[in-house]
Every structure is written in structure tokens, then in C-alpha cells.
Amino acid sequence: MAKTASGQALDIQIGGMHCAGCVGRVERALKAVPGVADASVNLATERAHVTLAEAGPAAGAIAEALRGAGYEAAGSTIELSVSGMTCASCVGRVEAALKAVPGVASASVNLATGRAAVQGFGNDLTPRLIAAVKAAGYEAAPVSPGSDTSDREQQAREAEQASLKRAVIIAAIATLPLLVIEMGSHLFPVLHHVLAGSIGEQPVRLFSFALASFVQFGPGLRFLQKGWPALLRGAPDMNSLVMLGTSAAYLYSVVATFAPGLLPDGTAYTYFEAGAVIVTLILTGRWFEARAKGRTSEAIRHLMSLQAKSARVLRDGVESDLAIEAVVPGDIVIVRPGERIPVDGSVLDGLSYVDEAMITGEPVPVRKEPGAAVTGGTINGTGAFRFTVLKVGADTVLAQIVRTVEAAQGAKLPIQALVDKVTMWFVPAVIALALITFAVWMVFGPSPAFAHALVNAVAVLIIACPCAMGLATPTSIMVGTGKGAELGILFRQGEALQGLKDAKIVAFDKTGTLTKGKPELTDIAAAPGFGEDEALRLIASIEARSEHPLAEAIVAEARRRGLTLAEPQGFSGEPGVGVSGMVDGKRVEIGAARLMQRLKIDVASFTETAERLADAGKTPLYAAVDGRLAAIVAIADPIKETTPDAIAALHKLGLRVAMVTGDNRRTAEAIAKRLGIDEVRAEVLPAQKAEIVKAMQADGTGVAFVGDGINDAPALAQADIGIAIGTGTDIAIESADIVLMSGDLNGVPKAIALSQATIANIRQNLAWAFGYNVLLIPVAAGALYPAFGILMSPMVAGLAMALSSVSVLTNALRLKRFRAPVAERPAPPPEARLAPAE
């Protein structure tokens, strides 16, 4: 819990206050928080000024107290780019430094992305956060919301890779002759005698000293510059381990070269090559690691590359090419064949087919005609059209997708909690273990004890690798969420990656989810005393005011028949029940059987008809005029072509499938039977869907709910994982954890399989990272020596440490080869993919 210093104060914006009574409640709630010395609330400015005692509370405790009183602290989320982190212990130090800043409620740092997400409240929080990170030994810079930092970060990554590559080459050139001289002399006595006889033993040592010094204070200087200050702060990191290990080998060799009399007899050996090789190997590992880390963020770079750089705009009758930054809403943009659509908008005139695969994951081009929405980043076919600009910059769908993927990639999953706890103490524990190793070898080791103690202690320092622990989770998340974006699956919350794999039941809404959401009126039968067309005219006149898909089908059929609709009066509707109003002085009511029951209208004359229609998978609705049963209409909503395959794929994954719908039971059961759905909950009001999901969760079963994200919002929020079906514009749905950019339900089993694959990948990484240390640290300490006479050279330890991080990253990159559990629909032939304008 973050503590604050004496006398510090916070200014907090508070929402929900309306009167003096609210002020009193807020002040009492704040003063009751341990560590708050005083609190005063201003109703006019809606701000609270909180003075903290010496052992002040965490900002999170203050926010929780306000929520408990019925109010909300208006906090902010600040994103920082943090440089200088090299391992998991660095992450812990930075998080601890950020959480110690007054006003910070929570902080999460991601090693793979080099980003920190901080939630808090108060004035001038960003400068204090940057100062705290700097005091911890790292550098930070703010990341502005919606800003395009990809190019800058890519340049920084490339510069880091170039610097590491240069350091590796320089270190290798200096280390190779050193390795030949030192190791060659040990392995081949003839070489030792030749060098000693021709040059002399001391000149050889001096030459080795010169090469080792060049490596130690040239390419290896970075370990000293970062590791020593961290050690002095009492917060040692991976650089500290390398610095201690290489420095110990180097200094011992220097003493053996220039003052051998200070060492015990028979121990004046040099280990110049050990320190130089370790520096070279670890730099090589970091170079490979930097290259692999760059590949994990390819998804973001690919998405950003979809953004067009310019647009052909029509202003005041003049066409001109403008930079994308100069385009504003309301502009008219001209799109020619084969061009990339620059921004979001609505087609004004023209006709074409647009390839939206990069946004939705769907390979089939989409027809675009006047009134159709177009999305920036998609590719036009052979037609041409003009469209009106609706959204630019950070408001476009592509920009929202990028922000969503970045947020998910920067998330810290619950599985990371154990890793964070371990790594905070890992490096100090390794240093302590190295000291114990040195002491044990000094007391119980064979002669020369000092040399053995030094070599094994250095090996322990070098072999330990918290880098792999820190990279195990975030790299898999980055690759997994990036792969999801390629498939048209957006994980809005990183936690959804872990939660989705635990789902045992997948519950679907019907209309617009399992079905196309564009129903058609298929049947109408009028009651005695009513004409079919007249009944349809009255019904359609009322339904014209409704936005429900079933209403649109009724109105479309009335217009197809050429019926003239009247203007209704007193329109009212109740979701899941029906609508009513006055048409030409007549009271007209349309809805499901439950509405007729409420109105006490007998529908027995249509019972057989309704059953027949429901058995055919159609939705029957009744209409009453002035309290008399007037007609029954049937509406069918075609099932999406991909729905059966998606249901089959979910069953193949071992999941139970349910349907929760407001449709009548017979219709719902008929559709469920056709699709092989296991459980049906029908005639459910929108408000009841969340209760049904809650009932499914009663025994701890994980439930994923799939809906259109509008009427299903309560159920999406209640479910363990909410999956919203959309066409790109639903990216902003706040109630869903995952958004499927297309309406293809195959995205559901894809998302679940990707979640399972990502979490399995994370577990493999963690098993390797922890198992590596558990197995090899004792070997480095000499545990195998008493029984087998095996010791680990510090050089081998350096190689193993370098390979550990690279292995974790390489394993994470395997997710890029993830294959969905359902077969992709074949792409259309070229003539269909680029259909000419009509």
C-alpha cells in the first residue's frame, strides 16, 4: 500500500454531489479513512481538499471510501513510456516507486511494452510520477492519449538493437583472442609453452588484462552504469548480478596479475576470459531479446501501417490531395479503384466492393453503395465512389482498434501476481545465495578453495535470470492479442485472455447474433372482420416508430405492397413485450402472446396457426385493434451461414451452448433443434437476461455471453466474459470484454481457442523461467560436484542465461502461427473480390 508523507494534500474531483447533505456525507467518509488528517468539500467546484497525516492512506482507500458513501472520485489514467528496465525486478521497482506517489490508486508496468499505466487523482500527477521513476533509476516520458508514438518507439527499438549489435561485435572482436590465449593455454599445454617461451608469461597476462579491460569498461560499461547505482539504492537488478559477477572475476584476475602475493599460495590464476565472455554472451542474448521483443509488437505496427497518408478531398468544387491530418469531418473524399480508404465516413454516391479483411478478418469484399459506412484503412476494389467524412484521427475505428490492442497488450493478468511477488525478492536472494556459495566453498571446498569459491559464486550470479520471468507473461499477451486483431477479435481487457479459457457455457442472444438480424415478414392472417392489407397498414403505421428489427420487417412488407402508412399518435413501447398507439382514431397494439394475455384478448383462434409458424422457426406476433384480435403475423430471421459451424466448433471444444432470447418458446426451440443448441431460455425480457446469466454462474461455472452489445448490455456485463458482435462500430461498447469486428460467429470459438493457446503459452514460459532457475542455480553453486565432480563454468552460465530469455520470447512468438479451430470460408474468385461498379 502506497504511503504518503506528512502534510501532503490531495485535491479530488467528486461526482454525484447535489446538496449540502452530500457535502457532509463526503466529508465524514473521507475523515473516517485512516491516515486522513482533515477534509473539506466544496459543492460549487465539486472538489474535496484532503490533508494527509504522516502515515497517509493509499489513494485507492480514499476512492473506495467515496464509493462506499455513494460517490465517485473522478480520477485519470496516465500512461508513461519507461526506459531502462531490463528484468522483472525492474518492473517491481518502478511499480513500487509509482504507487508511493500521493494520489496514485494503482500502477501497472509492462516489461515487454516498456509502458506504465497509472490510475490516480490530484493535480500535477504526471511530473511527480516522472520524478519518482527517475529517483528509482529509470527514465519516463508521458504518452499522450491518441498520440501516434509507434514511429518514435520503433525508432527507439531500432536504435537499441543497433547499439546492442555494435556492442556485441566490438566485444566479440576483443574477446575472441582473449579466449584463444586463456582457454587455449589451459586446453593445449603446447600453446601455453609457446606463448610463455616466445613472449613471456607476464606480457601475455598484460595483453589479456588490456583486452579484458576494454570489454569490461567498453561494451560492458552499461552493466556497471546501471547495476552499481541499483545496488547502492538497495534495489539490485539483473544488471547488478552481471556487474557483480564480471567485476569479481575481473578484479581477482587483476590482483593475480599485478599483486599475486596478496593471494593464497597456488591461487594466483586469472579469469580475464570469463568476465569478457560473460559480457559478450549476455550482450548477445539482449540483442536477440531486443529483436524478438520487436517482433512481438508487429501487430500494432501492422495496424498503424493501414492508415493512409493522404486523401483526395473535394472542397469548393476543387479536388486536391491533402495530408490525412488536414481532413476534417464534413469533407467529401474521392476514392478511386484500388485505393486505401483514408478515414471513416458514409458513401455519398458511386458503387464498389471494399476489402475489409484487415479490420474484420472477413475475406469477402463488402458492397458499398450510397448510405453505406466505410472504414479508414480498408481497400477499395475496382469501383469508385465519394463519401462524406464522419470521423478522423483518434476517433476512427482503426485508431480505436489500435488503442484497444495497445491497452490489452499492456494489461497485467492475474497469473502475473505470483511472478511479481517472487521477482521482487529474487535478485537479493540470488546475491545472498552467491555469498553462501562462496562461504561454503571456502570452508569445505578443495584446494585452491578461494578460486573454487570465487568461480562458483560468480556462476550463481550469472546463471540467475529474472529477465525470463518478467517476459514470460507480457510477451505472450502481446503476440496473442496481436494475433486476435488479425482475426478480427479485439480483447478490450487483457484479463479476458485469461478468463475466456475458463468458460464452460457460451450463451447466445438470438436476433442479430445467431441470426442475420434482418428479419422478413413471411406470413399474415387476418381475423374475421379485418382485411389483410388494412390490418398490415395499421400494424406497420405503429411499427414505423419502432427501431426493432422485427418492426422494420413489417414496415418493409407494407411498403412493398404499396400501402400508405398513417402518422401514429401516442406511440409507446415496452422492450420484449410490444408496442401500441393510435392510428386513424383506432387503438392498435402489437406484440407477443404475453401482451395479449395482459390485455385479456383471446388468441385461441390462432393457436394452431401460431404453433405451425413457431415449429417452422418463425416468430408469431399478434395485433389487436380497439381491443379485438385483428391479425397474426409471422417473421423469420435467417440464420447466419456461419452459425452452425461455430456451434459445432464450440461443442468440439467441450463447451455447452445456450440460447437466451425474448422470442416465443416454440420458435426458439425450433431454431435450437436445427443448430444443436443444448439449452434454451425463451420469452425472456432484456432485463431478465442478466439474471439468467447469473443463475448459470451460481455453481461457479464460467459463462461467456455473446450478444449485439446494445439490448444485451446487462447480460454482457454480468457474464464472466462478455463478447459483443459488431461490424466495427461496436468497438466502443463498454459492457463487453471482447469485440468481434465482423458478424461471423466463428470468431467465438476462435477467441476461446486463442485464449486457451495464449494461457498455455504463458504457463510454458513460466515453467521454463522458474524451472530453469530451480534446476540450474544449484548446479551453478556446485551441487553436482560432490557426487559427479561437475562444476559449471561462469561462461556456460552466461550462455545459459542469455538463452533463457531468448527461449521464452521464441516460445511466445509461436503464437503467431496459431490456427483457428474452424475452417475459414474460401475466398471468392478474383472477379468477385473486385466486382466492377454497377
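All residue numbers refer to positions counted from 1 along the written sequence of the respective chain. Reporting of local features is limited, given that this is a predicted model, to residues whose pLDDT is at least 70; pairs of side-chain atoms are given and counted only at 80 or more, and all residues count toward the totals for whole chains, interfaces and linings. As a rule here, side-chain values cover all heavy atoms of the structure and leave hydrogens and water aside.

(A) Highlighting the overall build of the protein. Secondary structure elements follow DSSP: runs of H or I of four or more residues count as helices, runs of E of two or more count as strands, with numbering from the N terminus. When helices and strands are counted, the protein shows 30 helices and 29 strands. Burial classes: relative accessible area under 20% of the type maximum marks a residue as buried, over 50% as exposed, and values in between as partly exposed (1.4 Å probe, protein chains only). Going through the 838 residues of the protein one by one, you find that 53% of them count as buried. Any two residues whose heavy atoms approach within 4.5 Å are treated as being in contact. Counted over contacts in the protein with a minimum sequence separation of 6, partners at least 24 positions apart contribute 70%. Using a 1.4 Å probe, accessible areas were evaluated by the Shrake-Rupley method; residue-level cover was limited to the displayed protein chains. Accessible area of the protein: about 35,500 Å², with a carbon and sulfur share of 58%.

(B) Region of the structure containing the packing of helix α23 (residues 643-652) against helix α27 (residues 747-781). Geometry is summarised by axes, namely lines fitted to C-alpha atoms with helices restricted to the contacting stretch, and by angles between N-to-C directions that run from 0 to 180 degrees. The geometry of α23 relative to α27 is characterised by a closest axis approach of 8 Å and an angle of 25 degrees between their N-to-C directions. Here α23 is positioned roughly parallel relative to α27, judged by the angle of their axes. Side by side, α23 and α27 meet where Ala646, Ala649 and Leu650 of the first sit next to Val748, Pro749 and Ile752 of the second. Class assignment of the residues belonging to the contact of α23 with α27 gives a composition of 6 nonpolar, no polar and no charged. Oblique is the label for every angle not falling under 35 degrees (roughly parallel), over 145 degrees (roughly antiparallel), or within 65 to 115 degrees (roughly perpendicular). Charged residues are taken to be Asp, Glu, Lys and Arg, nonpolar residues to be Ala, Val, Leu, Ile, Met, Phe, Trp, Tyr, Cys and Pro, and polar residues to be all remaining types, Gly included.

(C) View of unusual backbone geometry. With an omega of -5 degrees, the peptide bond running from Ser447 to Pro448 counts as cis. Following the sequence through the fold, Pro448 ends up in the loop between α14 (416-444) and α15 (449-463). Phi is positive for Asp584, close to 55 degrees, though the residue is something other than glycine. Notably, Lys600 is not glycine yet its phi reads approximately 60 degrees, a positive angle. Along the chain, Lys600 falls in the loop between α21 (593-598) and α22 (607-615).

(D) The sheet that holds strand β4 (residues 72-73), seen in detail. Strands are labelled as partners when DSSP assigns at least two bridges between them. Spatially, β2-β3-β1-β4 is the arrangement adopted by the 4 strands of the open sheet, whose pairing is antiparallel. If you trace the sheet from one side to the other, it starts and ends with β2 (36-42) and β4, each paired once. Where strand β1 (residues 9-15) meets β4, 2 bridges bridge the pair, whose relative direction is antiparallel. By the bridge assignment, Ile14 is partnered in β4 with Ala73.

(E) Up close: the packing of aromatic side chains. Stacked, edge-to-face and tilted labels apply to pairs of Phe, Tyr and Trp rings (six-membered ring for Trp) whose centres lie within 6.5 Å, assigned for plane angles under 30 degrees, over 60, and everything in between, in that order. If you walk through the whole model with that rule in mind, you get 10 aromatic pairs. Relative to Phe258, the ring of Phe209 has its centre 5.0 Å away and its plane inclined at 85 degrees; by these criteria the two rings are edge-to-face. Placement of the pair is Phe209 in helix α7 (residues 201-217) and Phe258 in helix α9 (residues 238-258), with a sequence separation of 49 residues. For the pair Tyr252 and Phe450, a centre-to-centre distance of 5.2 Å together with 25 degrees between the ring planes defines the contact as stacked. Separated by 198 residues along the polypeptide, Tyr252 in helix α9 and Phe450 in helix α15 bring together distant segments of the chain. Residue class for Tyr252 comes out buried when judged on its relative accessible area of 5%. Given the relative accessible area of 23%, Phe450 is considered partly exposed.

(F) Expanded view of the UniProt feature "transmembrane region" (unreviewed entry) in the protein. Within this structure's numbering, the places UniProt gives as "transmembrane region" (unreviewed entry) are residues 167-191, 203-221, 241-263, 269-288, 422-444, 450-473, 766-785 and 791-809. Span residues 203-221 is 84% helix and 0% strand, its end C-alpha atoms 25 Å apart. Spanning residues 791-809, this segment combines 84% helix with 0% strand, and its end C-alpha atoms are found 28 Å apart. UniProt positions are given in the numbering used here, feature names are shortened, and annotations may be inferred rather than shown by experiment.

(G) Representation of the sheet that holds strand β6 (residues 104-110). Spatially, 4 strands are ordered β6-β7-β5-β8 in an open sheet, and the strand pairing comes out antiparallel. With one partner strand each, in any of the chains shown, β6 and β8 (139-143) form the two edges of the open sheet. Geometrically, the sheet is characterised by an average inter-axis angle of 25 degrees between neighbouring strands, direction not taken into account. In the sheet, strand β5 (residues 76-83) pairs with β8 via 5 bridges, with the strands oriented antiparallel. The residue of β8 that forms the bridge with Ser81 is Ala141.

(H) Region of the structure containing the packing of α7 against α9. For the pair α7 and α9, interaxial distance at closest approach is 11 Å and the crossing angle is 155 degrees. Of the possible angle classes, the one that applies to α7 and α9 is roughly antiparallel. For the element pair α7 and α9, the recorded crossing hand is left-handed. Mapping the contact onto sequence places Gln202, Arg205, Leu206, Phe209, Ala212, Ser213, Gln216 and Phe217 in α7 and Thr246, Ser247, Tyr250, Val254, Ala256, Thr257 and Phe258 in α9. The residue makeup of the contact of α7 with α9, split by class, is 8 nonpolar, 6 polar and 1 charged. Left-handed is the label given to a crossing in which the near helix is rotated counterclockwise from the far helix by less than a right angle, and right-handed is the label when the rotation is clockwise.

(I) Structural view of the confidence of the model for the protein. Per-residue confidence from the prediction method is given by pLDDT, with values spanning 0 to 100. Averaged over the protein, the pLDDT score is 81; the fraction of residues at 70 or greater is 86%. Scored below 50 in pLDDT, residues 1-6 shows 20 contacts in the model against residues more than four places distant or in partner chains. Note that residues 728-733 has pLDDT below 50 and, in this model, 16 contacts with residues that lie over four places away or in other chains.

(J) Molecular detail of a nonpolar patch on the surface. Together, Leu433, Ile436, Val440, Met442, Val443 and Phe444 give the surface a local cluster of nonpolar side chains, amounting to about 590 Å² of exposed area. Within the secondary structure, Leu433 is located in helix α14. By relative accessible area, Leu433 is classed as partly exposed at 33%. A patch consists of residues whose relative accessible area exceeds 30% and which take part in no salt bridge; residues with like charges are grouped when within 9 Å of each other, and nonpolar side chains (Val, Leu, Ile, Met, Phe, Trp, Tyr) when within 5 Å. The term salt bridge refers to a pairing of a side-chain nitrogen on Lys or Arg with a carboxyl oxygen on Asp or Glu at a separation within 4 Å.

(K) Highlighting the pattern of salt bridges. Tallied over the entire structure, the rule returns 26 salt bridges. Taking the shortest distance from any N to any O, the salt bridge between Arg537 and Asp584 comes out at 2.7 Å. Here Arg537 is found in helix α19 (residues 532-543), whereas its partner Asp584 is found in the loop between β21 (578-583) and β22 (586-591), with 47 residues between them in sequence. When the shortest N-O distance is used, the salt bridge between Arg656 and Glu679 registers 3.5 Å. With Arg656 in strand β25 (residues 656-660) and Glu679 in strand β26 (residues 679-681), this residue pair connects regions lying 23 residues apart in the sequence. For Arg656, a relative accessible area of 38% gives the class partly exposed. Taken together, the salt bridges that share partners define one network made up of Glu532, Asp533, Glu557, Arg560 and Arg561.

(L) Spotlight on the nonpolar core. Side-chain atoms within 4.5 Å are what join buried Ala, Val, Leu, Ile, Met, Phe, Trp, Tyr and Cys residues into a set we call a nonpolar core. In terms of nonpolar packing, the biggest core is built from 126 residues, with Leu98, Phe508 and Val748 touching the most fellow members. Sorting elements by how many residues they give to this core places α27 first, with 14 residues. Not counting chain neighbours up to four residues away, the residues in contact with Phe508 comprise Thr513, Leu514, Ile647, Leu650, Val657, Ala658, Met659, Val660, Val706, Leu745 and Val748. Counting residues in each nonpolar core, the second largest holds 40 residues, with Ala535, Ile542, Ala566 and Tyr622 among its members.

(M) Broad picture of α19. When the terminal C-alpha atoms of α19 are compared, their 16 Å separation across 12 residues agrees well with the 16 Å that a helix rising 1.5 Å per residue should span. Of the residues making up α19, those classed as buried are Ala535, Leu536, Arg537, Leu538, Ile539, Ala540, Ser541, Ile542 and Glu543. Here the expected length of a helix is defined as 1.5 Å per residue gap, with one fewer gap than residues.

(N) Spatial organisation of helix α3 (residues 88-99). A rise of 1.5 Å per residue sets the reference length of α3, with its 12 residues, at 16 Å; its end C-alpha atoms lie 17 Å apart and thus fit the reference within 8%. Counted residue by residue, α3 has 10 buried out of 12 residues, so it is predominantly covered. For α3, the full list of buried residues reads Ala88, Ser89, Cys90, Val91, Gly92, Arg93, Val94, Glu95, Ala97 and Leu98.

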